[in-house]
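What follows is each chain in one-letter form.
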Amino acid sequence: MADYLKETASYLRSVPDEDRAELLRYYEEYFSDAGFDQETLVSKYGTPKQFSRTLLAEYLLDNDEAAEKMTEEKIGQAAQRRNSTRLVWIVVLALFASPILLPVAIAIVIGLVAIAMAILILLVAGFATLIFLVLGGLYTFVAGLAVLSSSLATGLFFTGVGLAMTGIGVFLFPVAVRVVWVLVDGFMNLVKFIGRKVVRRTKRQQEVA
Amino acid sequence: MLHHQRNFPAYERMDIHPQAVILDGLILALVAKEPQYGYSLNQAIEEWVAINESSMYPTLRRLTKEGLLTTYDEPYEGRLRRYYNITELGEVRLAELRGAWQHYAHGIDRILGEG
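For clarity, every value in this text was computed on a predicted model and none was experimentally measured.

## Comments concerning the confidence of the model for chain B
All names here are of chain B.
1) Next: Looking at chain B, the pLDDT average stands at 84 and 81% of residues meet or exceed 70.
2) Next: Least confident of the elements in chain B is helix 1 (residues 10-13), whose mean pLDDT is 52; most confident is strand 1 (residues 36-37), at 96.
3) Next: Low pLDDT, under 50, characterises residues 1-6; the predicted model gives this stretch two contacts beyond four residues in sequence or across chains.
4) Next: The complex model carries a pTM of 0.54, and its ipTM stands at 0.81.

## Overview of the packing of helix 2 (residues 17-34) of chain A against helix 3 (residues 38-46) of chain B
1) Next: At a closest axis distance of 8 Å, the pairing of helix 2 of chain A and helix 3 of chain B adopts a crossing angle of 60°. In terms of orientation, helix 2 of chain A and helix 3 of chain B fall into the oblique class. Facing Tyr26(A), Glu29(A), Tyr30(A), Asp33(A) and Ala34(A) of helix 2 of chain A, the residues of helix 3 of chain B in contact are Gly38(B), Tyr39(B) and Asn42(B).
2) Next: Taken together, the residues of the contact of helix 2 of chain A with helix 3 of chain B sort by class into four nonpolar, two polar and two charged.

## Some details on the interface of chain A and chain B
Interface size is commonly expressed as the accessible surface area that is lost when the partners come together.
1) Next: Taken together, the contact pairs 24 residues of chain A with 23 residues of chain B.
2) Next: In total, about 2,200 Å² of surface goes out of reach between chain A and chain B, with carbon and sulfur atoms giving 44% of it.
3) Next: Summed over the shared surface of chain A and chain B, the number is five salt bridges.
4) Next: Taking the shortest distance from any N to any O, the salt bridge between Arg81(B) and Asp33(A) comes out at 2.8 Å.

## Brief notes about the side chain of Thr8(A)
1) Next: Along the polypeptide, Thr8(A) turns up in helix 1 (residues 2-10).
2) Next: Once residues lying within four places of it in the same chain are set aside, the contact partners of Thr8(A) are Pro48(A), Phe51(A), Ser52(A) and Leu55(A).

Procedures and definitions
Residues numbered from 1 in each chain as written. Chains lettered and ligands numbered in written order. Predicted model: local features only at pLDDT ≥ 70, side-chain atom pairs only at ≥ 80, totals over all residues. Heavy atoms only, no water. pLDDT = per-residue confidence, 0-100. Helix = DSSP H or I, 4+ residues; strand = E, 2+ residues; numbered from the N terminus. Contact = heavy atoms within 4.5 Å. Axes fitted to C-alpha atoms, helices over the stretch in contact; angles between N-to-C directions. Parallel < 35°, antiparallel > 145°, perpendicular 65-115°, else oblique. Nonpolar A, V, L, I, M, F, W, Y, C, P; charged D, E, K, R; others polar. Buried area = accessible area lost by both parts, 1.4 Å probe. Salt bridge = Lys/Arg side-chain N within 4 Å of Asp/Glu carboxyl O.

Have a look at this one:
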C-alpha cells in the first residue's frame, strides 16, 4: 500500500508541497484504516497514475471553486485564467486516463476543439469587421473631404458616412472585448463541467468494477 | 403555494451542486455528535447512503478551511490519526443546512409523494 501511494505521489509534483503532503497523508490513513490490499486498491482506484489524475483533477476543481468563491477580488482575472488553462489540460488527461471508452474520449476532445475553433473564428471575424469599420470609415471620411470642393452634397455624405463607420467601430470595440471574455469563460465552465462528470464517472465505474 | 418561488438564500436553493451541499451537512452532523476520523466518517455515511468517495477529502479540506471544522491528531497503533471536530461556526452552518434540507425534501415529497 505504501508503494501505491508513493507512486501516486510521484505523479503529483505539480501540486504545492503542503497540499500534496496533506492529501497523501489523508489517503495513507484512510487506506490503513480500511485495510485495503494492493489488489483492492487497483480495482477501486485504478493504477497509481490513474489515481493521481483523479486526485489532481479534484484538487484543481475544488481549488478553482474555492478560489472563485473566496478570492475573486484578490486573484486578478489574468491569474484565474491561467489556472483555468492548466485545468483544461488536466481534464483532457483525466479524460484519457479514465475508463471511458477511447473513441468517446476522443470524440469529446474533438468536440471541445471544434467549439474552441468556432469561438476563435467568430472572434477573428468580429474583430476583422471592426477594423474594417474603423479604417474604412477613416478612408471614406478622407475621400469625402477630397470630393468636398467639387460637390458639397457628395462630400458631406461621404464624410458623414465615414465618421459614422469609425464611430461605430470604436464604440463596439470594448463590447467585442467583453464578448471575448464571456465566450472564454463559458468555454472554461464547459471544460470544468466535463471534468467533474469524468471524475465522478471514473469513481463510480471503479467502485462498480 | 407560491412561497417557494423566489428569494432563496444560496443554501436553501441547493440547485447547483445538491450533492456537494448535502455532503457538507452529513459531515457536520456526524462530527457534531462526536469527533470522527476519515475512515469512520466514510463508514458512518455509507451505512445509510452511497457517496462519491473521492469527494470526501476535498470537502473535509474545504470545511476546515472555511472554519467549520477543526482537526487534531491522536496516536493510534504507532501512527497518527486525524480527527475532525465541529466549530461554533460549523454548528451554525449545520442548523442552516438542516433547515434547507427540510425545505428541499418537503418540496421533493410534494412532487414525488402519493396523490
